[in-house]
Each structure stands twice: as structure tokens, then as C-alpha cells.
Amino acid sequence: MFKSLANAVRFLSIYEVSAANSGHLGMALGMADCLTVLFKNFLRFYPKDPGWPNRDRLVFSGGHGAPALYALLHLSGYEKMTLDELKRFRKLGSRTSGHPEYDLECGVEISTGLLGQGFANAVGMAIEERLLNARFGDECINHYTYVCAGDGDLMEGITHEASAIAGHLSLGHLIVLFDDNGVTIDGTVQVSTSEDTLKRYESYGWHVLTVDGHSEDDIHQAIAAAQLDPRPSLLACKTQIGFGTARAGTPKAHAGALSPEEIEEAKKNLQWPYGPFEIPEYIAKVWQTSGLRHREFYEKWMKTQAEKYGSRKFEYSEHLKKILRTLKKEYFVSRPFSATRINSQEILSRLTAETNLLISGSCDLGSSTGCLAKNMVPLKKTDFSVNYIHYGVREHAMGAIINGITIGRKIIATGGTFLAFSDYMRADIRMAALMHVPSIFVFSHDSIGVGEDGPTHQPVEHLAALRAIPHLNVFRPADALETVECWECALESSEPSVIVLTRQSVLSARFCGKDNLCKNGAYLLYEDNMEVYKKVTLIASGSEVGIALDVKKMLNDQSISANVVSIPCWHLFDEQPEDYKRLVLGSDLRVGIEASNGFGWEKYLGSNGMFFGVNDFGKSAPDTGVYEYFGLTAQKIYANVMEKIN
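Residue positions are counted from 1 within each chain, in the order its sequence is given. It should be noted that, the model being predicted, local features are given only for residues of pLDDT at least 70 and side-chain atom pairs only at 80 or more, the latter also being counted only at that level, while totals for whole chains, interfaces and linings use all residues. Water and hydrogen atoms play no part in the side-chain values, which are based on all heavy atoms of the structure.

**Q** Give me the lowdown on the sheet that holds strand β10 (residues 412-418), citing residues and values where you can.
**A** Only strands that DSSP links by at least two bridges are regarded as paired with each other. Numbering goes from the N terminus for both helices and strands, where a helix is a DSSP run of H or I of at least four residues and a strand is a run of E of at least two. Sheet architecture is open: 6 strands sit in the order β9-β8-β10-β11-β13-β12, paired in parallel fashion. Two strands in the sheet have a free side with no partner beyond their single neighbour: β9 (388-390) and β12 (473-475). Taking the axes of each pair of neighbouring strands and ignoring which way they run, one obtains an average angle of 20° across the sheet. Judged from the 5 bridges that link them, β10 and strand β11 (residues 440-444) form a sheet pairing that is parallel. Across the sheet, the residue bridging to Phe418 is Ser444, located in β11. Here, residues are in contact when the closest pair of their heavy atoms is within 4.5 Å. Axis definition: a line fit to C-alpha positions, over the contact stretch in the case of helices; interaxial angles, taken between N-to-C directions, run 0 to 180 degrees. Helix α18 (residues 395-406) contacts β8 (358-362), β9, β10 and β11 of the sheet and is inclined by roughly 165° relative to β10.

Right under this line is the structure:
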């Protein structure tokens, strides 16, 4: 019976790929035995309630194994994962995309495909499970996170980083099923690596076992042992890629639909006499029964724990709003001359003092980025009741782990590093945006204002690169008040946010503080009512808003009217009605000022506008000298604007 159950997964996968004439079968066929044991005997879930909080999580880090995942979810009784959806694999509008996309109703826990991302997300999920366990107790939250990963996943640098963190924190509820088939697209793994992967994981502090990936008993014993071990587990499942087909054991097995002749040969090899998408009733019933085996446990949990769990999740509540309103009033009165990273640190300090469902962290830059406040206590393997994660110098893993923690929508995670390092996290940020996960990424040291550390650490193109990502809020506040407002927007958003902060101190620019003006993305900071012929709109973000204000004064002295617009978030501004955008931008000469390369500014400035920024890499010098070198001073901008006007 076991082989028939596994072959049901295999042939549904074969026919999914055949119907699409596209897809990947190697992992689906090779790992079918391991996944059948996992679903039938270990994975705790209830398909009638796919979002049950105390379910086990399964992440296909090797997203190319999607056909098997969809087959398993369909067989196990997930109502939205219908047979018709399997037949529509890779078709426009289907729920069975080429690589898994986050769809909790169907049982897909997270979007994967970029190798290694899912693995690191799963480390975040395992951390979230321990965080929630520490807050709600064993009876409420106590589940496992499983990962299906291949050689490609374990080669990616992000998994090295995430695995080291998992071992350091001893995440014993994290179990990785490693599809150890020894084959990559270009050949055997030996063409590109000579390492001993299992010893590497032992050095991380993992529990490591070698498993016959086609033996039901061996797989069962290994998973049972992994559940009992206090360390994260890597089960190296020795499998044959494309098992049962003529391509088995070769790179050709990785991808591509089987020909009709190859399908017939596989049916003969695996003793499967059934037609396309046909599952015998006796096999279907066993799968359906297996899918419902946790009903009693689920119902007991719902009666005893659901109310306790459901009553608490991170919300930007009235209480937290009041705390930040109070801080805004303090900033309004004191008008601090401070770096926005310092303002952000105060915000995090006050918020984390009031809720244990907001978790901060950084890549060895807690104080520098403002992500580590005095009241924060770091996680360690013996204590997950706290609120700060030391990620070490592992930016790529940090971003993916933040997504893995936040995707459950119970805890909001934030983490920080310098903006110049954001490229290491770009894939993580992109995936957060693709999934609409409200992760919050904090990047300080945001421009040539970094100064003496030089061009390697002075971001130039980074703002434009981040702004190019759809569904991502990129905030660059100008002062303390805007920093509070940008944090408010991020905490209220259902989309991910990046908060970009200065290293250097900036003057307070705002003289009104009651309403959150940043929620519109851009607003008139100062509006001139001078009745003159010549008018200018100065548009700036972040630390350059102060420069724009100085230019305004110079223009006013020459009887030239100048409005000043602060534009902390392009994405939010682009969503505003056209009338509002025209009101803010004005119809006269528009001048953009930002310590970036200016890519994208043309949509606000128009064909006749002017932009003052940094169109080359920076320089190693004090920040004032670098600003002077690039012409980002009020005097130079004023002179150029006057030349344009005249």
C-alpha cells in the first residue's frame, strides 16, 4: 500500500507537468516516498482549517518540486486544491503556479523558487514557533517546521547563514528533508563542489542522519529520531532523481514533460495501470483518511486554546498610537537636531516596552542602526520570551528570517543594517513584496552623508533599486517627526516597508505635527503665497529636505515664490488621486533634490525639471565635503535654479 500511495503522488505530478508541457519532475518523483511518510505519519495539519495556528509547517525550498506539493495537498483533502487546479498547473489564473506561491487556503505556506529562500524562511518560521511558544505555552503552540530542500538550496549562501543561526539557537523543531540525489542541472554535484555537506551541518550544531530515501521504515525512523533531538535536524535522504522513469539518475530528469512513451515506461516500472489524473478509490480513501487523522487534536485545541491564541496578535493599537502621538508632541516641542536612526531607536524602544509581539534585530549593527534599544533583551537558545535577535553579519539570512517570522501575522519582525548592504537582502525584500508580508526592514547610513567610510559604504543607486520593487513602501523621513510618521505607516501597512535613515544629524523641518502627513507619500511642507510671476517647487526627501528649505529662503530673498515638498514615500504618493498630486507638485518649475542617482525622478519633475543628486559613486571625506563636491549645497542649487529661471 505504501508504494501505491507514493506512486499516486508521482503520477499526479507526471500528469501535471504533461498537461502544462512544462515543469520539473526530478524532485517530485525522487522525494515522493519521503513526503508520503511525512504526510501520512508525521505532519500535523487539518485540511478543513488550513490556517490552524498549531499546524506543522512544510516549506518546499526546492520550489521546483511544486507538482508533488500540489498532489499531496489535493490527496490530503485541501478543498481549494482541486483536481482541476492540478490539471491547470502553470496556467494563467491557476492556484498551481510553476513554483509555490503563498496561498494558505490551499496549504501553501510561503512562496519559494529562488533556491535557499524557503530554507531561510523556514528558520524564521521555526523561530516564530519558539517565540509564540514562550508567550502562549506548550499547550497552545508546539509544532514542527519541515523543509524539503535539494542540493541547490544547500549550495546557496543564504542557507549557510540561516543554518548557522538555526544551530546557534538550537531550533529543535526544524527538520530538513534533504533530497540528496547527487545530481544538478549541469551534471553530478561533483562538477561544482567537493565539500562534505553533512560534516558542515554537524559543525553548525545540527543533528545529521543519512537516510535511504526510498525505504519507508528508514524514513520513518529518521523523522521520529529528529523529532526527539533538541537540535535542528538534517536528514540526508539518498534518493534517485526522476525515480521510476527512463531519465532516473540523470540531469535530464530534473525538468521537462515526459513523452507518452516515457510515461508508459514509468507506469510499467512502477506498476501503475491507471490513466491521466486517475486515482483509484481505495488509494484516495487512504489519503483522505490520513488527512483527517488530527481532527480530534484540532477540535480539542479549538475548544481549549483558540480563544487564548486569537485574543493576541501584533496590532498597531490605540494604545501604541497614543505612545507615538506622545513622542511626536515631544519632538514637536524639543525640535531635536539628531540623526533619524536615533529617532527610530527611541520609537522602537517605546514600542517594544509595551508589546512583546514586535521583534527587532540587526546584523551586528544594533546600536549603529538604532535597532537595539536599552530595554531590549537578545534571544538565546534557552530564552525566546525576549525581543531582539543577534543575526551576526548575515544580511541575506536576516531578511528571509524576518519574512518567515512575520508571515504568520502574529508577530511583526524588523531588522536593520546599513543601506549599502541592502543589495544582499534584495531577494528577501522582493519576496516580502511579492507575498504582501508586512516585514519592516531598517536601513541606516543612507547616503553620501556616511562621509569618511567612503564610496563602498555610501549608497547611491540603492534608493532607486528599492523603489523599483512593486508593493514596497520605501520611507525616507526628513526629521524626527517624519520618522515617527513613517513608522506609523509601516506598522499599519499590509505590505512590506523599508525605512531609510540618516547617520548624520538633521534639523527639524516640520512645524505642524498633529496629522500624519507622510501617509500621503508627499505633502506641501511649506507653501508660499507670494503673488509673483516666477514660482518654483522644491521636492526633496530625507536629509535633503533641509537643503531645500535653505534654497527656498534664498529664492524668497529674490522675490521668487518657492514651495517645498517633502516626499518620504514614492509608492504612497503614486497611489494618491491625480488632483492631489497636481496640487502638491505644482505647475511651475520643479526641482528635485536627493543624495541619490536620480533614477525615476523624471516622473515628478517633468521634461523641464531640474535634479540635483549624486550620479557617480561617492568619495571618502567628511560628509559636508562630499556634499560640496557633488554640488548638493543650498548655494550651488540656488545658483543653478536662478540661471534656469533667468
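**Q** Mind laying out the side chain of Ser13, listing which residues take part and the relevant values?
**A** Assignment of secondary structure puts Ser13 in helix α1 (residues 2-20). Distance and chemistry together define a polar contact, namely a pair of N or O atoms within 3.5 Å, with one atom able to donate a hydrogen and the other to accept it when in protein, and with adjacent residues in sequence counting only for side-chain atoms on both sides. In terms of polar contacts, Ser13 uses its side chain to reach the backbone carbonyl oxygen of Pro67, at 3.5 Å.

**Q** Explain the packing of helix α6 (residues 117-136) against α18 to me, using residue names and the numbers behind them.
**A** In contact at an axis separation of 7 Å, α6 and α18 are set at 55° when each is read in the N-to-C sense. Comparing their axes, α18 and α6 come out oblique. Crossing geometry of α6 relative to α18 is assigned as right-handed. Note on element contacts: α18 touches α6 through His396, Ala400, Ile401, Asn403, Gly404 and Ile405, opposite Gln117, Ala120, Asn121, Val123, Gly124, Met125, Ile127, Glu128 and Leu131. Gly is placed with the polar residues, together with every amino acid not listed as nonpolar (Ala, Val, Leu, Ile, Met, Phe, Trp, Tyr, Cys and Pro) or charged (Asp, Glu, Lys and Arg). Split by residue class, the contact of α6 with α18 holds 8 nonpolar, 6 polar and 1 charged. Any angle between 65 and 115 degrees counts as roughly perpendicular, while under 35 counts as roughly parallel, over 145 as roughly antiparallel, and the rest as oblique. Put simply, a crossing is left-handed when the front helix is turned counterclockwise from the back one by less than a right angle, and right-handed when it is turned clockwise.

**Q** Would you mind going over the side chain of Asn387 in detail, with residue names and values included?
**A** Positionally, Asn387 belongs in the loop between α17 (366-369) and β9. We call a residue buried when its accessible area falls under 20% of the maximum for its residue type, exposed when it is over 50%, and partly exposed in between, using a 1.4 Å probe and counting protein chains only. Accessibility expressed as a relative area gives 8% for Asn387, which makes it buried. At 2.9 Å, the side chain of Asn387 and the backbone nitrogen of Val377 are in polar contact. Other than its neighbours up to four places away in sequence, Asn387 contacts Thr352, Leu358, Ile359, Ser360, Asn375, Met376, Val377 and Leu379.

**Q** I'd like to hear about the nonpolar core, residue by residue, with values.
**A** Buried Ala, Val, Leu, Ile, Met, Phe, Trp, Tyr and Cys residues form a nonpolar core when they are joined through side-chain atoms within 4.5 Å. Formed by 139 residues in total, the largest nonpolar core has its most connected members in Ile127, Trp206 and Leu555. No other element matches α6, which puts 10 residues into this core. Among the nonpolar cores identified, the runner-up in size contains 63 residues, and Cys34, Tyr70, Met81 and Trp287 belong to it.

**Q** Which residues make up helix α16 (residues 340-352), and what are the values?
**A** Helical periodicity: at 3.6 residues per turn, an α-helix aligns residues three or four positions apart in one direction. Multiplying 1.5 Å by the residue count of a helix minus one yields the expected span of that helix. Across its 13 residues, α16 extends 18 Å between first and last C-alpha, which sits within 8% of the 18 Å expected from 1.5 Å per residue. Of all the 13 residues making up α16, 10 are buried; the element is thus mostly covered by neighbouring parts of the structure. Here α16 has its buried residues at Thr340, Arg341, Asn343, Ser344, Gln345, Ile347, Leu348, Ser349, Leu351 and Thr352. Buried residues along α16 sit in contact with α15 (318-334), β8, α17, β10, β11 and α21 (480-492).

**Q** Just give me the short version of the pattern of salt bridges, but keep the residues and values in it.
**A** One speaks of a salt bridge when a side-chain nitrogen belonging to Lys or Arg is within 4 Å of a carboxyl oxygen belonging to Asp or Glu. Counting across every chain of the model gives 29 salt bridges. Here Glu262 ties to Arg247 by a salt bridge, and the two come within 2.9 Å at their closest N and O atoms. A residue pair is termed long-range when its members are at least 10 positions apart, and Glu262 in helix α11 (residues 260-269) and Arg247 in the loop between β7 (233-238) and α11 qualify at 15 residues. Note on accessibility: Glu262 and Arg247 belong to one class, buried. A salt bridge links Lys321 to Glu318, with the nearest nitrogen and oxygen atoms 3.6 Å apart. In this pair, Lys321 and Glu318 both sit in helix α15, 3 residues apart, roughly one turn of the helix. Through salt bridges that share partners, Asp446, Arg467, Arg476, Glu544 and Glu594 make up one connected network.

**Q** Describe in detail unusual backbone geometry, supporting the description with residues and values.
**A** Note: most residues except glycine have negative phi, and most peptide bonds are trans. One non-glycine residue, Asn21, lies in positive phi territory at about 55°. Along the chain, Asn21 falls in the loop between α1 and α2 (26-30). Unusually for a residue other than glycine, His471 sits at a positive phi of about 60°. Mapped onto the elements, His471 comes out in the loop between α20 (462-467) and β12.

**Q** So what about the sheet that holds strand β15 (residues 535-540)? Which residues, and what values?
**A** Hydrogen bonding along the main chain pairs the strands of a sheet, whether they run parallel or antiparallel. Spatially, the 5 strands line up as an open sheet ordered β14-β16-β15-β17-β18, and their pairing is mixed. One side of each edge strand has no neighbouring strand; the edge strands of this open sheet are β14 (523-526) and β18 (610-612). Strand-to-strand twist across the sheet, computed as the mean angle between neighbouring axes with direction ignored, equals 30°. Both strand β17 (residues 589-593) and β18 contribute to a ladder of 3 bridges, which runs parallel. Opposite Gly592, over in β18, you have Phe611 as the bridge partner. Of the strands in this sheet, β14, β15, β16 (561-566) and β17 are in contact with helix α24 (residues 578-585), which crosses β14 at around 25°.

**Q** Explain the packing of aromatic side chains to me, using residue names and the numbers behind them.
**A** Working definition: a ring pair exists when centres of Phe, Tyr or Trp rings (six-membered ring for Trp) sit within 6.5 Å. Plane angles under 30 degrees give stacked, over 60 give edge-to-face, the rest tilted. Across all of its chains, the model carries 27 aromatic pairs by this definition. Judged by centre distance (5.1 Å) and plane angle (85°), the ring pair of Tyr201 and Tyr204 falls under edge-to-face. With Tyr201 and Tyr204 both in helix α9 (residues 197-204) and 3 residues apart, the pair spans about one turn of that helix. With respect to burial, Tyr201 and Tyr204 carry one shared label: buried. Between Trp272 and Tyr274 the ring centres are 4.8 Å apart and the planes differ by 80°, which places this aromatic pair in the edge-to-face class. Given a relative accessible area of 3%, Trp272 falls into the buried group. An aromatic cluster is defined as three or more aromatic residues linked by ring pairs; in this entry it consists of Tyr46, Trp52, Phe136, Phe297, Tyr298, Trp301 and Tyr309. In this scheme, the term charge over a ring applies when either NZ of a lysine or CZ of an arginine sits within 6 Å of the ring centre and within 35 degrees of the ring normal. One Lys or Arg, Arg467, reaches over the ring of Trp570 and ends 4.0 Å from the middle of that ring.

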